[in-house]
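A closer look at the structure
Spelled out from the first residue to the last, the chains are:
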Amino acid sequence: STGIALQGVPLEAHDIDLQTDALGAYAIGQRLSAFVVTPVHERISPRIRSHFGVFVIDGVTVEVMGDVQKLIDSHWEDPVAVAPERRWVTLADAQVPVLSLVYEERAYRALGRLERAELLSRWLDDNPGMVL
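Residues numbered from 1 in each chain as written. Predicted model: local features only at pLDDT ≥ 70, side-chain atom pairs only at ≥ 80, totals over all residues. Heavy atoms only, no water.

**Points about the pattern of salt bridges**
Pairing of side chains with opposite charge becomes possible as their charged atoms draw close. Taken as a whole and assessed by the stated rule, the structure comprises four salt bridges. A salt bridge links glutamate 105 to arginine 109; the shortest N-O distance between them is 2.6 Å. Taken together, the positions of glutamate 105 and arginine 109, both in helix α4 (residues 101-110) and four residues apart, correspond to about one turn of that helix. For arginine 109, the salt bridge goes to glutamate 118, with nearest N and O atoms at 2.9 Å. (Salt bridge = Lys/Arg side-chain N within 4 Å of Asp/Glu carboxyl O. Helix = DSSP H or I, 4+ residues; strand = E, 2+ residues; numbered from the N terminus.)

Quick look at the structure:
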């Protein structure tokens, strides 16, 4: 939700999700080792699997996910290729990578999180010039 909010969608962010490939997830896990709550490991849930870890930095929860795959029609999709979906937003003097809102809307819909998907769909329809 942080990446979505950074792109102008009015919603409250509760944590920071970092999505990368498996190698990136473990590398981030090593760099954040002083803040680990749950080390990066392979995690499989009913609808999603990834290399997942949780960290808390100054009270902010950071979830790291590598090689995210969604279970669609009884088969696992290929891991998400993050680079083509990455967009950049300016925050203070820094360029921050986020996932495109179009990708986010599709991903939420695929996971059955229709309320969030509809919020994004409406926002995209109402703000075509704001889409990165």
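**Thoughts on the pairing of strand β7 (residues 94-99)**
Where strand β6 (residues 86-91) meets β7, six bridges bridge the pair, whose relative direction is antiparallel. Looking across to β7, one finds that threonine 90 is bridged to glutamine 95. (Pairing = 2+ DSSP bridges.)

**Let's talk about the side chain of glutamate 105**
Residue glutamate 105 is classed as buried on the basis of its relative accessible area of 13%. Contact partners of glutamate 105, with chain neighbours within four places excluded, come to Ala117, Leu120, Ser121 and Leu124. (Buried < 20%, exposed > 50% of the residue type's maximum accessible area, 1.4 Å probe, protein only. Contact = heavy atoms within 4.5 Å.)

**Here's the deal with helix α5 (residues 114-126)**
In an α-helix, one full turn covers 3.6 residues, which means residues spaced three or four apart are oriented alike. Between the first and last C-alpha of α5 there are 18 Å, a value that for 13 residues agrees with the 18 Å anticipated at 1.5 Å per step. By the burial criterion, the buried members of α5 are Ala117, Leu120, Trp123 and Leu124. For α5, the angular spread of the buried residues around the axis is 130 degrees, confining them to a single face. Opposite its buried face, α5 presents the exposed residues Glu115, Asp125 and Asp126, each directed more than 90 degrees away. In this fold, the buried residues of α5 make contact with α1 (2-6) and α4. (Expected span 1.5 Å × (residues − 1). Arc of directions from axis to C-beta.)

**Regarding α4**
All buried positions along α4 are accounted for by Leu101, Tyr103, Glu104, Glu105, Ala107 and Tyr108. Looking at the buried side of α4, the elements it contacts are α1, β1 (16-20), β4 (60-72), α3 (82-85), β7 and α5.

**Let's talk about unusual backbone geometry**
A positive phi angle, near 50 degrees, is found at aspartate 67, a position not held by glycine. Secondary-structure assignment places aspartate 67 in strand β4. With phi around 50 degrees, aspartate 73 is a residue other than glycine that occupies positive phi space. By relative accessible area, which is 70% here, aspartate 73 ends up exposed.

**Points about the packing of aromatic side chains**
Here the structure, examined in full by the defined rule, presents zero aromatic pairs. Lying across the ring of phenylalanine 52, arginine 43 places its NZ or CZ 3.7 Å from the centre. The ring of tyrosine 108 carries arginine 116 above its face, with NZ or CZ at 5.4 Å from the centroid. (Phe/Tyr/Trp six-rings, centres within 6.5 Å; stacked < 30°, edge-to-face > 60°. Lys NZ or Arg CZ within 6 Å of the ring centre and 35° of its normal.)

**Thoughts on the environment of asparagine 127**
Considering the arrangement of structural elements, one finds asparagine 127 in the segment after α5. Judged by relative accessible area, asparagine 127 falls into the partly exposed class, the value being 23%. Here the alpha-carbon distance between asparagine 127 and glutamate 105, two residues 22 residues apart in the chain, equals 14 Å.

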